[in-house]
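Structural description and commentary
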Amino acid sequence: MSETPSKINLLGLSPAKLEAFFDELGEKRFRATQVLKWLHQQGASSFDEMTNISKTLRAKLAEVAEIREPEILLDKTSRDGTRKWVIRMDGGSAIEMVLIPEGDRRTLCVSSQVGCSLDCSFCSTGKQGYNRNLSTAEIIAQLRVAIRAYGPFDPNERRVSNVVFMGMGEPLMNFDNVVDAIQLMMDDNGYGLSKRRVTLSTSGVVPALDKLREVSDVSLAISLHAANNDLRDELVPINKRYPIDELIAACKRYLEGLNDKRVITVEYTLIEGVNDQPQHARELVQVLRQVPCKLNLIPFNPFPNSGYRRPSEEAIQRFKDIMIRASIITTVRRTRGDDVDAACGQLVGQVEDRTRRSQKYIPVVQEEPVHGKTERV
Ligand code: SAH
Ligand code: SF4
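Let me begin by describing the structure that accompanies this report. All of these numbers come straight from a predicted model, not from anything done at the bench.

Basis of the calculations
- Just so you know, the residues in each chain are numbered from 1, in the order the chain's sequence is written.
- The order in which chains are written sets their letters, starting at A; the order in which ligands are written sets their numbers, starting at 1.
- With pLDDT at 70 or above as the cut-off, local features in this predicted model cover only qualifying residues; side-chain atom pairs require 80 or more to be listed or tallied, and sums for whole chains, interfaces and linings still use all residues.
- Side-chain numbers come from the whole structure's heavy atoms, not from hydrogens or water.
- Cysteine sulfur atoms that come within 2.5 Å of each other are treated as a disulfide pair.
- Secondary structure elements follow DSSP: runs of H or I of four or more residues count as helices, runs of E of two or more count as strands, with numbering from the N terminus.
- By this rule the span expected of a helix is its residue count minus one, scaled by 1.5 Å.
- Exposure is judged per residue with a 1.4 Å probe applied to protein chains only, and the accessible area is read against the type maximum: over 50% gives exposed, under 20% gives buried, and values in between give partly exposed.
- Throughout, a contact is declared for two residues whenever any of their heavy atoms are within 4.5 Å.
- If even one non-hydrogen atom of a residue comes within 4 Å of a molecule or strand, that residue is called near it.
- Side-chain classes are defined by residue name, with Ala, Val, Leu, Ile, Met, Phe, Trp, Tyr, Cys and Pro counting as nonpolar, Asp, Glu, Lys and Arg as charged, and the others, Gly among them, as polar.
- By salt bridge we mean one thing: a side-chain nitrogen of Lys or Arg within 4 Å of a carboxyl oxygen of Asp or Glu.
- Note on pairing: two strands pair once DSSP finds at least 2 bridges between them.
- Axis lines are fitted through C-alpha atoms, for helices just across the contact stretch, and the angle between N-to-C directions can take any value from 0 to 180 degrees.

A few words on the state of the cysteines. Throughout the structure, instances matching the rule amount to zero disulfides. Considering cysteine sulfurs only, C251 is the nearest to C293, which forms no disulfide, with 8.8 Å between them.

Moving on: helix α2 (residues 30–41). With twelve residues, α2 extends 16 Å between its outermost C-alpha atoms, agreeing within 8% with the 16 Å of an ideal straight helix rising 1.5 Å per residue. Of all twelve residues that make up α2, nine are buried, and the element is covered over most of its length. In the core, the buried residues of α2 are packed alongside α1 (15–25), α3 (55–64), α5 (136–148) and α6 (175–186).

This paragraph deals with the site of ligand 2. Looking at ligand 2, the residues that line it are C116, L118, D119, C120, C123, G126, G169, E170 and S203. Its residues assigned to classes, the shell around ligand 2 comprises four nonpolar, three polar and two charged.

Within the secondary structure, N189 is located in the loop between α6 and β10 (198–202). Along the backbone, N189 and K37 are 152 residues apart, and their C-alpha atoms lie at a distance of 5.4 Å. Sequence-distant contacts of N189, defined by excluding residues within four places in its chain, comprise T33, L36, K37, H40 and Q41.

This next bit is on the pattern of salt bridges. For side chains of opposite charge, pairing can occur when their charged atoms come near one another. Inspection of the entire model under this criterion finds 21 salt bridges. Two residues, E102 and R105, come together in a salt bridge whose shortest N-O distance is 3.1 Å. For the salt bridge of K195 with D260, the shortest nitrogen-to-oxygen distance reads 3.5 Å. With K195 in the loop between α6 and β10 and D260 in the loop between α9 (244–256) and β12 (264–270), this pair connects stretches of sequence that are 65 residues apart. On the basis of relative accessible area, K195 is assigned to the partly exposed category, the value being 28%. Beyond isolated ion pairs, a larger network of salt bridges with shared partners links E19, D23 and R29.

Backbone-to-backbone hydrogen bonds pair the strands of a sheet. The strands run either parallel or antiparallel. One open sheet accounts for ten strands, arranged β3-β4-β5-β6-β9-β10-β11-β12-β13-β14; its pairing is mixed. Two strands in the sheet have a free side with no partner beyond their single neighbour: β3 (71–77) and β14 (330–332). The mean angle between the axes of side-by-side strands here comes to 20°, regardless of whether they run parallel or antiparallel. Where β12 lies against strand β13 (residues 293–299), seven bridges are found, and the strand directions are parallel. By the bridge assignment, T269 is partnered in β13 with I298. The strands touched by α5 are β3, β4 (83–88), β5 (94–102), β6 (105–109) and β9 (162–165); relative to β5, the strand with the most contacts, the crossing angle is about 45°.

Read these as spatial facts, not as claims about activity.
As structure tokens, then:
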């Protein structure tokens, strides 16, 4: 996105914030609904397109606001139909997003940060370090890029049927911007996706999870990867701060706050000789019995110098069988898009300001404010 910091990018305003924006301009609040529809249903990229808004108001908007989108640096389609984009953000960093088609579903895997501070040992985004949070506009822009890749916006066509926050970054470490983006995704005047079709995946930032249930009913996935604290401390370092029992308790609280029968999706990346043995599966059964959930096994996706390997098909099947025999609903996420480096954990984008890579830390979640691919394939 080119930088014009004085103007406010309307793509990043949640429905409530857009109303407040029109209030401040001294305009009626229904303008917010009109503009939301123009932006997110019609895909407007200029105020001139907004024909049910007077010319005077359009001119006023153009003075104080803008509709600013990222530049697409790369658009690649894998042999299996998975499509990956690299888009350039403010400040020169680039992030990646992936669209995974499956039957009549098209799942968009969005990024929430440039890099990630949580440093999970098997994740290439984590290895890259943390650069910065994406703004709400930058998160929403990913959805717009994917929709527009299939022709001009058409509100009658659901080109992206599901969104998962499983790209780069830890969404709960970018709380406010992610929550606003989710609101736009689920708003009837926005992208109109149902709460079952938007999934936030977290490695377990427990206090932020508790905050989330107060402001959203988005579907939840947690990245468990180990069922005992010693191993999880090693694979997912945030476990040292919020261990497994605290995470499971937070998941239960989250589900209790929903007035439906949704379950948590538990993600478990299978790594050869690390967490793929029968005893690991049996341990996992014990943990998963504590919370309504379904299990998604992700065979490890290799990246250079990771030091880890993907288990054999037999080991994956053996692990899955133990889970199924214990009546845990289990799917194996088949690797998609690996010929374009679009598989889970392979997203690295590009961090231009490398000086900030040294800012790795075990995060302390601030109380006020917290700054801030699944569907089975
Ligand atoms: N930060 C969030 C969401 C992004 S990662 C989270 O951790 O949940 C999306 C999923 O891909 C997570 O479950 C993550 O653990 C998994 N993942 C990361 N690296 C991987 C790799 N190399 N192979 C397979 N899965 C990986
Ligand atoms: Fe961050 Fe998620 Fe990767 Fe862990 S798995 S380093 S939380 S993006």
